[in-house]
Structure formats: structure tokens, C-alpha cells
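# Results of the structural survey
These are the residues of each chain, in order.
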Amino acid sequence: MTLFKHELRRGRTALIVWTAAIAFLFAICIFIFPDMKSQTEGLNEVFASMGGFTAAFGMDQVNFGTLTGFYAIECGNILGLGGAFYAALCAVGALSKEEKEKTAEFLLMHPISRSRIVTDKLLAVLAQIVLLNAAVYALSVGSIACIGEAVPWKEVSLLHLAYLILQLELAGICFGMSACLRRGGLGAGLGLAAVMYFLNIIANLSELAEFLRYITPFAYADGADIVTNCSLNAVLVALGIAYGIIGVGLAYWKYCRKDIM
């Protein structure tokens, strides 16, 4: 587990910064909810008149004056995008950083198999993602209690579970990409997360583009759908998990056969 601990130490600064940033924005959104609540009717009228933009972000399905509706849209976008970027950042350089930093030869001279290297690095990526989500979940529940609102446990828990699965899926895909890269791929990882986000917006705007929901993980992590139905779409979640597993499988296959310089 030496490599696993080393990877955690290596990524702790990024973990702390991203967790603090996302948690801070979460807390700000929750603390301003009481003020937003008093303007409910005006806000709902404004959103209702925005046409396609309203549907793109699911604002036509929820009441912005309720905590669950506000939480699904505002807080959901923060954790959705922020968590996706962090997951991609963690995973996309996991297996290529040694080649980029010219330390691959030092790593491979140790008595450890390549499959064990992949396993330890994968576990470190997963651990960091879980830690970020656990911290944000705890702070969000605490913030809701602080403003005197009852915590909607089911809706909040389903939302956070969906975003965790989303991040794990993207991490798996980016982890597979990492095994194929030699000089890091930060731009590729962040770009993939951004593209997936906009594919979901396109899918929400047009019925002709609904097939995109089977590609992007943001489809099953759509906050408006989750709080409206109080459930996750099992088919989309299963597809997302499958995509992540395929990415991890690619990482093992490629890295164990790769000519590492």
C-alpha cells in the first residue's frame, strides 16, 4: 500500500483546495436560500418565461421556492460541474504522470507488478473522490440544519449519490485515457467533463437529441429529475457504471502492455 499512500499524499493539496471550494460555494447557496424563498413567485415567473433555457436546466420541473428545488438546481450544478472536473483531474494523469515527470523508470524498478501499480493508483483516485463527496455531503446537511430547514434526507442523499456515481464514471473513463497518454492529459480530461455537461443540456433542449442521455452521466444526475421522481434512472446509472468499468479495464490492459519510457 506504499504507492497508494504516496498517491494520496501527492494529491492532498488538490483534494483540500477542491473540497474547500465546492463546500464553500455549497454553504453560500444554502445560506442565501431563506432570502430567495421570499422572492419565489417572481423567480418562478421569470424562469417560466425563459423558454428553452428553462428546460435545459430542468427549472421547468421544480419550484425554486422549495429547498429541494433550489438545492437541485443551484447546489446540483456546483457539485455536478465541480465534482466532474475534480474527478477528471485526479484520474486523467494518474498513470501518465511518471512518464511526464521522467520518473517512470524509478517506479518500475521496484518489486511491484504493473497491475499492482494500476490498482494502487486507481484506489487512490477513488479514495480522493469519496473523501471530497463525504465532506461536501456532511457540510451541506449541516448548512441546511443551520438555516432552520428540515433536511430532505431522501432527496439530498439521492442527489449526492448520483453525483458520486457520475464522478466515478468520469474517473474510470479518464483513468483509461491516462494509460494511453504519455505527457499528461489535463485538457483532455477537463474537456471531456465539459462536453458531457453540455451534451445533457442539448438532450434537454430537443427530443431529437434524447439519445445523448445514454452517453452523458449528467443525464442520471439531473437534479430536477431526481427530486421530482425521488429516484435514479436505473438504466442510465447501469450504463454509466458500465462505461466506467470499461475505462478501468482499458487502463489495466493498456498499462500492462505499454512500452513505458
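None of these values were measured; they are calculated from a predicted model.

Rules used throughout
Residues numbered from 1 in each chain as written. Predicted model: local features only at pLDDT ≥ 70, side-chain atom pairs only at ≥ 80, totals over all residues. Heavy atoms only, no water. Axes fitted to C-alpha atoms, helices over the stretch in contact; angles between N-to-C directions. Helix = DSSP H or I, 4+ residues; strand = E, 2+ residues; numbered from the N terminus. Parallel < 35°, antiparallel > 145°, perpendicular 65-115°, else oblique. Left-handed = near helix turned anticlockwise from the far one by under 90°. Contact = heavy atoms within 4.5 Å. Core = buried A, V, L, I, M, F, W, Y, C linked by side-chain atoms within 4.5 Å. Buried < 20%, exposed > 50% of the residue type's maximum accessible area, 1.4 Å probe, protein only. Phe/Tyr/Trp six-rings, centres within 6.5 Å; stacked < 30°, edge-to-face > 60°. Nonpolar A, V, L, I, M, F, W, Y, C, P; charged D, E, K, R; others polar.

Once that is clear, we can look at the packing of helix α5 (residues 67-92) against helix α8 (residues 114-146). Running from amino to carboxyl end, α5 crosses α8 at an angle of 160°, the nearest separation of the two axes being 11 Å. The orientation of α5 relative to α8 falls into the category roughly antiparallel. You can see that α5 and α8 cross each other, and the crossing is right-handed. Every residue of α8 that contacts α5 at L67, Y71, L79, Y86, A87, C90 and A91 is listed here: V125, Q128, I129, L132, N133, V136, S140 and I144.

This next bit is on the nonpolar core. Within the largest apolar cluster, 66 residues are counted, with the highest numbers of intra-cluster contacts made by F26, Y71 and F175. Mapped onto this core, the elements with two or more residues apiece are α1 (2-31), α5, α8, α9 (153-180), α10 (186-205), α11 (223-229) and α12 (234-255). Here this core gets 14 residues from one element, more than from any other, and that element is α5. Setting aside anything within four residues of it in sequence, one finds F26 in contact with Y71, C75, I78, L79, V136, L139, S140 and H160.

Right, let's talk about the packing of aromatic side chains for a bit. For the structure shown, the criterion picks out five aromatic pairs. Geometrically, the ring pair formed by W18 and Y86 is tilted, given 6.0 Å between the ring centres and 45° between the ring planes. Of this pair, W18 sits in helix α1 while Y86 sits in helix α5, and the two are 68 residues apart along the sequence. Ring geometry for Y197 and F218: centres 5.3 Å apart, planes at 80°, overall edge-to-face. Here F218 lies in the loop between α10 and α11 and Y197 lies in helix α10, a separation of 21 residues in the sequence.

A separate point is the packing of α1 against α5. It is the contact of α1 with α5, at a shortest axis distance of 10 Å, that shows an interaxial angle of 170°. As the angle between them shows, α1 and α5 are arranged roughly antiparallel. Residue-level contacts link A14, L15, W18, I22, L25, F26, C29 and I30 of α1 to F70, Y71, E74, C75, I78, L79, G82, G83, F85, Y86 and L89 of α5. Of the residues belonging to the contact of α1 with α5, the class tally is 16 nonpolar, two polar and one charged.

Another aspect to go through is unusual backbone geometry. Look at C230: it is not a glycine, yet its phi comes out positive at around 55°. On the secondary structure map, C230 appears in the loop between α11 and α12. Overall, C230 belongs to the partly exposed group, its relative accessible area being 25%.

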